[in-house]
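# Structural characterization, general
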Amino acid sequence: MRGYLASSIGVTCAAVLTLPLEIPAAVAGTGVRGPSASAAVPGSTQSFPLVPFTRAAGAVVEAGLSPLAVRSFSLVGVVWDDPGAEIHGHVEVRTRASGTHRWSGWQELETHHHGHGPDPDTAEGRSSRARGATAPLWVGDSDGVAVRVSTEGYDAGSTRSPALPNGLRVELVDPGVDSKAGAPGPTAHAPVPEPSNGGAPDTAAGAGSNAFGRDAGRASLDEGAAPSPSRGGREPQGAKEAQRPQGTAKEPGEAEEAVDPAQGTANPAQEAPNPDKETPNTTKGTANPVQETANPAQETTNPAKETASPADPVGPAKEATHTAPRPKIVTRSGWGADETLREAGFVYTDSVKVAFVHHTASGNNYTCAQAPSVIRSIYRYHVVSNGWRDIGYNFLVDKCGTIYEGRAGGIDKPVLGAHTLGFNSDSMGIAVLGTYSGDTKPPAQTLDGVGALSAWKLGLYGMDPRGTTYLVSGGGNLYPKGEKARLNVLSGHRDGYATDCPGVQLYGRLSTIRSTAARLQGR
């Protein structure tokens, strides 16, 4: 599988679509006033169908969206109907900074994102709401967008070409502004002014249509219209957060971070880099063990507990002897999670035997102060756009090494995530905010944060971060369903699924993270 770096690129791709390279001046709107810094503003999702540009042998092979003025957003992704389908080609976006005439260059979205998601045999994986999706891209406060999608290897003279999946849509996510503890958000989140001709925004062409059409999703740029998306405000059926199980992270009322002063620090000692580079695991059974921690003959499938309740006996192993201090962790309340967005209740697995390290592939163009806004955007994208029950990752770590609680259910509990297709049971997913597929290297403080988190959580379940163990595959492209896979206790996403994630730069530092985690466990 090939991943694509979410970075600005030129217009010389294999199949250049017929989008205008010069953005009409009429697209650029006037500045809008954002909310006061103390006001809490809920997030939102705008969704627009992509228009077929080119067909070959009756199949759509090029699609997109002409430059369009929209309401404010900060994160963009593309989704489609079938969660099992992938785009074998390129998805590129161009965005306009809010209140300006300044458009970005074309930026490519990671298309091979299928390996992130719920296991197929779970209720979450079988949900009718689930969709296929690219990785999301953080673009900052924007009010204009253009999209182009093409299949790989399309030849205008060919009679056969791979088709794009049905139901392509661009999703524009506004993270909103959280008032708690001054949590930051984008600088402006207000609707684009009404069209000068007085037309209602929801009458724009394409509103309410799910089908491809020549004019679907287009707006008159000369009128400067900001059409309402056909699925604007599309929210899943959710409920307020249920009572947390015993042992869950304390949710402070005004404090941004929940910290146990008797346990650990947010700044673990930096580990000296290990010159030995990690190599991708592209074949089965290539884990490089240091210490064996499980007997495959004793391994059994541990299906997720779909109806777990606070009284269920799930939690840390009582016999754990090598534990580490709990690092400082920003709770969901701290980063401003809207608990009415996700599905009610929690789902648990039996244990935490493996920590899978990911990158979000959402780009590196964010500040540490913006990290809560980026996480709120990813949370909304996973729930509203992908159709998952909650954010997929169990934890997230930003470029400053700050650790954030991900999926709800208790930071010390074995919460079932949606991060490594086929291996979500008996594991946890740690996502580093950013893209590490190219030349960008993960900062030392980020590696320290992942190491400290892994040491603490794996230590609760008696796992040595330098060892190996066995998990039973729930089905994927590297290990078929039911196969026992021998994995490093601290693995990269690509060790369980054929993908670029967590990027070559981050994957190459996993040995350093293992050493840090083992040291913090006193091994």
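Source: prediction; values computed, not measured.

## Observations concerning the overall build of the protein chain
Counting secondary structure elements, the protein chain contains six helices and 18 strands. When each of the 523 residues of the protein chain is scored for burial, the buried share is 58%. Nonlocal contacts in the protein chain, meaning residues at least 24 apart in sequence, comprise 82% of its contacts between residues at least 6 apart. Per element, the accessible surface of the protein chain, about 19,600 Å² overall, is 50% carbon and sulfur.

## What to know about the packing of aromatic side chains
Counted under the stated rule, the structure contains four aromatic pairs. Here Phe-423 and Tyr-479 contribute two aromatic rings whose centre-to-centre distance is 5.8 Å and whose plane-to-plane angle is 85°, an arrangement assigned as edge-to-face. Placement of Phe-423 in the loop between β14 (403–405) and β15 (427–432) and of Tyr-479 in the loop between β16 (467–472) and β17 (484–488) is noted, with a sequence separation of 56 residues between them. Taken as a pair, Phe-423 and Tyr-479 share a single burial class, namely buried. Ring-pair connections join several aromatic residues into one group, and the members of that group are Phe-356, Phe-423 and Tyr-479. Looking at Arg-148, its charged tip hangs above the ring of Trp-106, at a distance of 4.1 Å from the centre. For the cation-ring pair, Arg-494 lies above Tyr-507, with the distance from its terminal atom to the ring centre recorded as 4.6 Å.

## Looking at the state of the cysteines
Counting across every chain of the model gives one disulfide. Across the disulfide from Cys-368 sits Cys-400; the S-S distance is 1.9 Å. Between Cys-368 and Cys-400 the disulfide shows an S-S torsion of about 90°. By sign, it is right-handed. Of this pair, Cys-368 sits in the loop between β12 (354–359) and α3 (371–385) while Cys-400 sits in the loop between β13 (395–397) and β14, placing them 32 residues apart in sequence. Classification of Cys-368 as partly exposed rests on a relative accessible area of 23%.

## Some details on the packing of helix α4 (residues 444–460) against helix α6 (residues 510–520)
Between α4 and α6, the least distance of the axes is 8 Å, while the angle of their chain directions is 45°. One way to sum up the angle between α4 and α6 is to call them oblique. Two packed elements cross with a definite hand, and for α4 against α6 that hand is right-handed. Contact residues: Leu-447, Val-450, Gly-451, Ala-452, Ser-454 and Ala-455 in α4; Ile-513, Thr-516, Ala-517 and Leu-520 in α6. Of the residues contributing to the contact of α4 with α6, the split by class is seven nonpolar, three polar and no charged.

## Looking at the pairing of strand β8 (residues 137–151)
Across the 15 residues that make up β8, a large majority, 15, are buried. Note that strand β4 (residues 59–80) and β8 share nine bridges and pair antiparallel. Residue Ala-69 lies in a different strand from β8, and its bridge partner there is Gly-144. When strand β5 (residues 89–97) meets β8, the two strands line up antiparallel, connected through nine bridges. Each bridged residue has a counterpart across the sheet, and for Ala-97 the counterpart in β8 is Ser-142.

## Re the confidence of the model for the protein chain
Detailed reading of predicted coordinates is not advised where the pLDDT is low. Overall, the prediction assigns the protein chain a mean pLDDT of 75, with 64% of residues at 70 or greater. Counting interchain partners and residues more than four positions distant, the pLDDT-below-50 stretch residues 285–303 has 39 contacts. For the stretch residues 306–311, pLDDT sits under 50, and the model shows eight contacts to residues farther than four places along the chain or on other chains.

Reading guide: rules and limits
- Residues numbered from 1 in each chain as written.
- Predicted model: local features only at pLDDT ≥ 70, side-chain atom pairs only at ≥ 80, totals over all residues.
- Heavy atoms only, no water.
- Helix = DSSP H or I, 4+ residues; strand = E, 2+ residues; numbered from the N terminus.
- Buried < 20%, exposed > 50% of the residue type's maximum accessible area, 1.4 Å probe, protein only.
- Contact = heavy atoms within 4.5 Å.
- Areas by Shrake-Rupley, 256 points an atom, 1.4 Å probe, with all protein chains shown as cover.
- Phe/Tyr/Trp six-rings, centres within 6.5 Å; stacked < 30°, edge-to-face > 60°.
- Lys NZ or Arg CZ within 6 Å of the ring centre and 35° of its normal.
- Disulfide = S-S within 2.5 Å.
- Axes fitted to C-alpha atoms, helices over the stretch in contact; angles between N-to-C directions.
- Parallel < 35°, antiparallel > 145°, perpendicular 65-115°, else oblique.
- Left-handed = near helix turned anticlockwise from the far one by under 90°.
- Nonpolar A, V, L, I, M, F, W, Y, C, P; charged D, E, K, R; others polar.
- Pairing = 2+ DSSP bridges.
- pLDDT = per-residue confidence, 0-100.

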